[in-house]
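# Residue-level structure breakdown
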Amino acid sequence: MGKQQIRQTVCALTVAAALSSAFAAQAEETKVAIGISGWTGFAPLTLADKAGIFKKHGLDVDVKMIPQSSRHLAIASGTVQCAATTVETYISWNAAGVPIKQIVQLDKSYGADGLAARSGIASVKDLKGKTVGVDAPGTSPYFALAWILDKNGMSMKDVRLATLSPQAAAQAFTAGRNDAAMTYEPYLSAIRNQPKAGKIIATTLDYPMVMDTLGCTPTFLKENPQAAKALVESYFDALEMIKQQPDKSNEIMGAAVKSSGKEFAESASYLRWQGREENKKFFSGEIETFSDEAGKLLLRAGVIRKMPDVKSLYDASFVQ
């Protein structure tokens, strides 16, 4: 190899090293705030935070507990750059002028969301004229209730609504208030554990329509693509930790919602976290099919006035 070739090789290596360091520094210096709730499906994000997985990937992450009903306001104000929520919620947020793109699917509910009713109410159709505790329009429980009613030939106009957060809805129900409650884990288990209060008449096993993703603003994704990729990889690493160290992981995730590791594991048994292969399948068609059907329901329910372009709701490049 001649001197000129050696010089070119050294120069190329130097540039490559500089670029690598620049990317690492960018990810390390990038601070990102993520809005979530106590929903069990979001727990791997909490694990990534508490177990140092985000830091391992060079991220400075601030996980903020924000109710779903006001999470989009935190995004709009710049308080958070990313948020975890249900797939159909992105339709509502984008329709309301709060653009955010989904970058990784977190979970699918397998019985973790449910509709509970008093013992005298035998079916969904028996809810007509009854009072249901449910979160505000634009939230997952509200959509889930609308979906279940729609599948039974009903609408939200057929029931009376008591606007309560998922936790408050469950607490009110077990305390004897309201005829029914739409809620999710870990609060749904509080109802499961008190059969005298009533029974669960429908879950996502009967009506599979709850799936969650992590999304970020288009501005954040454009300015920080390496950090966005690191967020996704951190999530997948958290799933691997859950697989390799289940007891330790459950204790960490349970502590965030004030439950024991055992209680958390029971709650998590009603959902499925989604790995890389599941994500590839989800973003290759499933997300658009579901979003189209969900958007039409949101239009009928009056939650949105115009359906946004489904393709603008996600960026699948980060799960590859």
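Residues numbered from 1 in each chain as written. Predicted model: local features only at pLDDT ≥ 70, side-chain atom pairs only at ≥ 80, totals over all residues. Heavy atoms only, no water.

### A short note on the environment of L205
Secondary-structure assignment places L205 in the loop between β9 (199-203) and β10 (211-216). Between the C-alpha atom of L205 and that of E266, which follows or precedes it by 61 residues, the distance is 16 Å. Once residues lying within four places of it in the same chain are set aside, the contact partners of L205 are Y110 and G111. (Helix = DSSP H or I, 4+ residues; strand = E, 2+ residues; numbered from the N terminus. Contact = heavy atoms within 4.5 Å.)

### A short note on the state of the cysteines
With the rule as written, the count across this model stands at one disulfide. With a sulfur-sulfur separation of 2.2 Å, C82 is cross-linked through a disulfide to C216. Between C82 and C216, the S-S dihedral sits near 100°, and the bridge is therefore right-handed. Of this pair, C82 sits in strand β3 (residues 82-86) while C216 sits in strand β10, placing them 134 residues apart in sequence. (Disulfide = S-S within 2.5 Å.)

### Some remarks on the UniProt feature "domain: Solute-binding protein family 3/N-terminal" (unreviewed entry) in the chain
The sites that carry the UniProt feature "domain: Solute-binding protein family 3/N-terminal" (unreviewed entry) are, in the present numbering, residues 31-277. Secondary structure within residues 31-277 divides into 42% helix and 23% strand; the distance between the first and last C-alpha atoms comes to 28 Å. (UniProt positions renumbered as here; feature names shortened; annotations may be inferred.)

### Thoughts on the side chain of Q68
Position of Q68 relative to the elements: it lies in helix α4 (residues 68-77). Among the residues examined, Q68 registers a relative accessible area of 8% and is labelled buried. Separated by 2.7 Å, the side chains of Q68 and T85 make a polar contact. In contact with Q68, not counting residues within four places along its chain, are T85, T86, T89, W93, T139, S140 and P141. (Buried < 20%, exposed > 50% of the residue type's maximum accessible area, 1.4 Å probe, protein only. Polar contact = N/O pair within 3.5 Å; in protein donor to acceptor, adjacent residues only side chain to side chain.)

### A look at helix α11 (residues 246-255)
Among the residues making up α11, those that are buried are S249, N250, M253 and G254. Axial view of α11: buried residues confined to an arc of 125°, hence all on one face. The outward face of α11, more than 90 degrees from its buried face, is lined by the exposed residues D247 and A255. Looking at the buried residues of α11, the elements they touch are α2 (43-50), α10 (225-244), α12 (261-268) and β11 (271-273). (Arc of directions from axis to C-beta.)

### A few points about the packing of helix α5 (residues 87-95) against helix α13 (residues 276-300)
It is the contact of α5 with α13, at a shortest axis distance of 9 Å, that shows an interaxial angle of 60°. Between α5 and α13, the angle falls in the class oblique. Classified by chirality, the crossing of α13 by α5 is right-handed. Of the residues in α13, those in contact with V87, E88, I91 and S92 of α5 are F282, I287, F290, S291, A294, G295 and L298. (Axes fitted to C-alpha atoms, helices over the stretch in contact; angles between N-to-C directions. Parallel < 35°, antiparallel > 145°, perpendicular 65-115°, else oblique. Left-handed = near helix turned anticlockwise from the far one by under 90°.)

### Brief notes about the packing of aromatic side chains
For the coordinates displayed, the defined rule picks out 10 aromatic pairs. Ring centres of F143 and F290 lie 6.3 Å apart, and the angle between their planes is 80°; on these two criteria the pair is classed as edge-to-face. Remark: F290 occurs in helix α13 and F143 occurs in helix α6 (residues 140-151); sequence separation between them is 147 residues. When sorted by exposure, F143 lands in the same class as F290, which is buried. Between F283 and Y314, the ring centres sit 5.7 Å apart and the planes meet at 35°, which makes this aromatic pair tilted. (Phe/Tyr/Trp six-rings, centres within 6.5 Å; stacked < 30°, edge-to-face > 60°.)

### Remarks on the pairing of strand β8 (residues 180-184)
With respect to burial, β8 is a largely interior element, five of its five residues being buried. Burial along β8 is two-sided: the face carrying A180, M182 and Y184 and the face carrying A181 and T183 are both buried. Bridge analysis of strand β5 (residues 113-117) against β8 gives five bridges, and the strand direction is antiparallel. Bridged to A117 within β8 is A180. Here strand β6 (residues 131-134) runs beside β8; their pairing, made up of two bridges, is parallel. Bridge assignment links G133 to a residue of β8, and that residue is A181. (Pairing = 2+ DSSP bridges.)

### Structural notes on the pattern of salt bridges
Pairs may arise between side chains of opposite charge once their charged atoms sit close together. Applying the stated criterion across every chain, the model contains 11 salt bridges. With a shortest N-O distance of 3.0 Å, K56 and D237 are connected by a salt bridge. Of this pair, K56 sits in helix α3 (residues 53-56) while D237 sits in helix α10, and the two are 181 residues apart along the sequence. Residue classification places K56 among the exposed residues on the basis of a relative accessible area of 59%. Between K280 and E277 there is a salt bridge; the shortest N-O distance is 3.7 Å. Of the two residues, K280 and E277 both sit in helix α13, three residues apart, roughly one turn of that helix. Linked by salt bridges that have partners in common, K229, E233 and R276 make up one network. (Salt bridge = Lys/Arg side-chain N within 4 Å of Asp/Glu carboxyl O.)

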